[in-house]
Amino acid sequence: MTVKPNVEFGWYLPTTGDGKYIGIKPEREASLDYLIEVAQTAEAAGFEFALIPTGGNCIDAWVVGSAVASHTKTLKPLVAARPGLIAPVLTARMAASLDRLSGGRALINVVTGGTPDDLRATGDPLFNDHDGRYDRTLEFLQIVKQAWEESHDFNLEAYLKSGGKAGVHFKGRYFEVEGGVSYPAPVQRPHPPLYFGGSSPAGKRVAAEVADVYLMWAEPLEMIKQQIAETESYVRQLYEQKGIRRQLRYGLRAQLVVRETEEEAWNAAREIISKVDPRVLAAAEALQGRTDATNQQRQTKIWKESEAKDYVIGPNLWAGLSRIRGGGAVAFVGTPEQVSDRLLEFVDAGISSFILSGYPHVEEARIAGQSLLPLIKKKLENRQAQLA
């Protein structure tokens, strides 16, 4: 009997466009047909879910998630909820609706911040209050989770008879809700999983209290171990101070460049940034310098400190993309055997959810499905069999 490993693998939908190179105009438009093709390719390759990004230059994640869910059978859309831009009860309703219509496949990515430019452009009043945004996120998720949990027992007649006394009642610093109701109830119980990122102490504190999966951008292994240890300390504090026992899962967002030989992989990785305009490099560095997001500050520090080493930051780990694109840009580079071994090292450190991607996303998903995923899953199954 094969024991299924408790590790999940996700892919990424390029809603700003796609191609072999970054730092130039995308070669492929992020059309509905193309995003469906990426999603269906990822599903066929063996990926279980797909992250759909958010931001001023992205097609809306909820619209894309709904569209690709209707053209896939098992792939789960991981869509972004932004506490500063949408009301909590409405978020609960939207997520439950997506979960219901997709047959229980909705995953929610809670995005607290972003660049100050993006936050100002979207009208977030807390664009310059880093910790305040996380305090608001905590209130937001407390309301959302309560609305989901109560929706499973919702009775319209009883609600109407209560005269507004039933439903969610919440009064905090940022949100006030009276008689909030989420309909329909989500398929998943008690609710769709909440994925959450934030490398600052404020972010880790919120993750410990309300998240299901704490997401990190790929970094050298020892740095990831330290982040997990810091977050676990907040989980322990929650139990010691409030008697609340929780168990977090940990996820990693990274890029992939996998080839038959290591030389081919490194050549392919460097090719991705071979056409970047120097003006794009300068603009990217300026944008990274203006952020107050701790995770982006960490990524920027990593690539700057590794510049003299051709951005190599560990065995088969490369930060070259981080100089041009923000977010989870660190890449695993190497043969299927090498990259699968590196992923296992992160599993041993506590990672159980991987969100991977590569340029272009159709071809790289296909390569991963043919050479990497079967190998890493087989290694995980062998480990489980030894423990059974």
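This report concerns the structure included in the present document. (Residues numbered from 1 in each chain as written. Predicted model: local features only at pLDDT ≥ 70, side-chain atom pairs only at ≥ 80, totals over all residues. Heavy atoms only, no water.)

Things to note about the overall build of the protein
Here is step 1 of the chain: For the protein, the helix and strand inventory stands at 13 helices and 13 strands.
Here is step 2 of the chain: Over its C-alpha atoms the protein spans a radius of gyration of 21 Å, differing by no more than 12% from the 21 Å that the globule rule assigns to 388 residues.
Here is step 3 of the chain: For the protein, the C-alpha atoms occupy an extent of roughly 70 × 55 × 45 Å along the three principal directions.
Here is step 4 of the chain: Burial statistics for the protein: of 388 residues in total, 54% are counted as buried.
Here is step 5 of the chain: Measuring between centres, the 45 positive side-chain charges of the protein sit 2 Å from its 48 negative side-chain charges. (Helix = DSSP H or I, 4+ residues; strand = E, 2+ residues; numbered from the N terminus. Rg over C-alpha atoms; globule rule 2.2 N^0.38 Å. Buried < 20%, exposed > 50% of the residue type's maximum accessible area, 1.4 Å probe, protein only. Lys, Arg positive; Asp, Glu negative; His and termini not counted. Charge placed at Lys NZ, Arg CZ, Asp CG, Glu CD.)

Observations concerning the pairing of strand 1 (residues 8–12)
Here is step 1 of the chain: Burial runs high along strand 1: 5 of the 5 residues are buried.
Here is step 2 of the chain: Because side chains alternate across strand 1, one face comprises the buried residues Glu-8, Gly-10 and Tyr-12, and the other comprises Phe-9 and Trp-11, equally buried.
Here is step 3 of the chain: Note: strand 1 against strand 13 (residues 351–357), 3 bridges, orientation parallel. Opposite Phe-9, over in strand 13, you have Phe-354 as the bridge partner.
Here is step 4 of the chain: Pairing between strand 1 and strand 2 (residues 49–51): 3 bridges, direction parallel. Of the residues in strand 2, the one forming a bridge with Tyr-12 is Leu-51. (Pairing = 2+ DSSP bridges.)

Here's the deal with the packing of helix 2 (residues 61–69) against helix 3 (residues 88–101)
Here is step 1 of the chain: For the pair helix 2 and helix 3, the least separation of the axes is 11 Å and the interaxial angle reads 15°. In terms of their interaxial angle, helix 2 and helix 3 are classed as roughly parallel. Like other packed secondary-structure pairs, helix 2 and helix 3 cross with a definite hand, here left-handed. Counting all contacts with helix 2, which are made through Trp-62, Gly-65 and Ser-66, the residues of helix 3 involved are Thr-91, Met-94, Ala-95 and Leu-98.
Here is step 2 of the chain: Per-class residue counts for the contact of helix 2 with helix 3 are 4 nonpolar, 3 polar and no charged. (Axes fitted to C-alpha atoms, helices over the stretch in contact; angles between N-to-C directions. Parallel < 35°, antiparallel > 145°, perpendicular 65-115°, else oblique. Left-handed = near helix turned anticlockwise from the far one by under 90°. Contact = heavy atoms within 4.5 Å. Nonpolar A, V, L, I, M, F, W, Y, C, P; charged D, E, K, R; others polar.)

Brief notes about the packing of aromatic side chains
Here is step 1 of the chain: On inspection of all chains with the given rule, the structure shows 8 aromatic pairs.
Here is step 2 of the chain: Plain terms: the ring middles of Tyr-214 and Tyr-250 are 6.1 Å apart, the flat faces sit at 85° to each other, and that makes the pair edge-to-face. Linking Tyr-214 in strand 8 (residues 213–217) with Tyr-250 in strand 9 (residues 249–258), this pair joins segments that are 36 residues apart in sequence. Comparing Tyr-214 with Tyr-250, the two get one shared label, buried.
Here is step 3 of the chain: Between Phe-332 and Phe-346, the ring centres sit 5.5 Å apart and the planes meet at 90°, which makes this aromatic pair edge-to-face. With a gap of 14 residues between them, Phe-332 in strand 12 (residues 331–334) and Phe-346 in helix 12 (residues 336–349) connect regions that are remote in the sequence.
Here is step 4 of the chain: A relative accessible area of 3% places Phe-346 in the buried class.
Here is step 5 of the chain: Across from the ring centre of Tyr-239, 4.1 Å away, lies the NZ or CZ of Arg-245, which sits over that ring. (Phe/Tyr/Trp six-rings, centres within 6.5 Å; stacked < 30°, edge-to-face > 60°. Lys NZ or Arg CZ within 6 Å of the ring centre and 35° of its normal.)

Focus on the environment of Pro-26
Here is step 1 of the chain: Mapped onto the elements, Pro-26 comes out in the loop between strand 1 and helix 1 (32–45).
Here is step 2 of the chain: The spatial distance from the C-alpha of Pro-26 to the C-alpha of Ala-80 is 23 Å, given a sequence separation of 54 residues.

Section: helix 12
Residues separated by three or four positions in an α-helix point in the same direction, a consequence of the helix having 3.6 residues per turn.
Here is step 1 of the chain: For helix 12, spanning 14 residues, the distance from its first C-alpha to its last is 20 Å, which sits close to the expected 20 Å at 1.5 Å a residue.
Here is step 2 of the chain: Where helix 12 is concerned, the buried positions are Pro-336, Val-339, Ser-340, Arg-342, Leu-343, Leu-344, Phe-346, Val-347 and Ala-349.
Here is step 3 of the chain: Phi for Gly-350, located one or two positions after helix 12, is positive at around 125°. (Expected span 1.5 Å × (residues − 1).)

Remarks on the pairing of strand 13
Here is step 1 of the chain: For strand 13, the buried fraction is high: 7 of the 7 residues fall into the buried class.
Here is step 2 of the chain: As defined by bridge partners, strand 9 adjoins strand 13 across 6 bridges and the pair is classed as parallel. Paired with Gln-255 across the bridge in strand 13 is Ser-357.

Some remarks on helix 3
Here is step 1 of the chain: Here helix 3 is 14 residues long and its end C-alpha atoms lie 20 Å apart, about the 20 Å a rise of 1.5 Å per residue gives.
Here is step 2 of the chain: All of the buried residues along helix 3 are Pro-88, Val-89, Thr-91, Ala-92, Ala-95, Ala-96, Leu-98 and Asp-99.
Here is step 3 of the chain: Buried positions along helix 3 lie against helix 2, strand 3 (76–81), strand 4 (107–110), helix 5 (130–151) and strand 6 (176–180).
Here is step 4 of the chain: Just beyond helix 3, the residue with positive phi is Gly-103, at close to 75°.

Digging into the environment of Asn-128
Here is step 1 of the chain: Take Asn-128: it is sitting in the loop between helix 4 (116–121) and helix 5.
Here is step 2 of the chain: For Asn-128, a relative accessible area of 60% corresponds to the exposed category.
Here is step 3 of the chain: Along the backbone, Asn-128 and Ala-283 are 155 residues apart, and their C-alpha atoms lie at a distance of 21 Å.

Focus: the nonpolar core
Here is step 1 of the chain: Phe-9 and Phe-354 are the most contacted members of the largest nonpolar core, which totals 105 residues.
Here is step 2 of the chain: When residues of this core are assigned to their parent elements, the largest contribution, 8 residues, is made by helix 5.
Here is step 3 of the chain: Beyond its immediate sequence surroundings of up to four residues, Phe-9 is in contact with Phe-47, Glu-48, Phe-49, Leu-343, Phe-354, Leu-356, Leu-373, Ile-376, Lys-377 and Leu-380.
Here is step 4 of the chain: Among the nonpolar cores identified, the runner-up in size contains 9 residues, and Tyr-12, Phe-49, Leu-107 and Tyr-195 belong to it. (Core = buried A, V, L, I, M, F, W, Y, C linked by side-chain atoms within 4.5 Å.)

Regarding the pattern of salt bridges
Here is step 1 of the chain: A full pass over the atoms with the stated rule returns 18 salt bridges.
Here is step 2 of the chain: A salt bridge links Arg-323 to Glu-307; its shortest N-O distance comes to 3.7 Å. Of this pair, Arg-323 sits in the loop between strand 11 (317–318) and strand 12 while Glu-307 sits in the loop between helix 11 (294–305) and strand 10 (312–314); the two residues are 16 residues apart in sequence, bridging distant segments of the chain.
Here is step 3 of the chain: Accessibility expressed as a relative area gives 23% for Arg-323, which makes it partly exposed.
Here is step 4 of the chain: Residue class for Glu-307 comes out partly exposed when judged on its relative accessible area of 37%. (Salt bridge = Lys/Arg side-chain N within 4 Å of Asp/Glu carboxyl O.)

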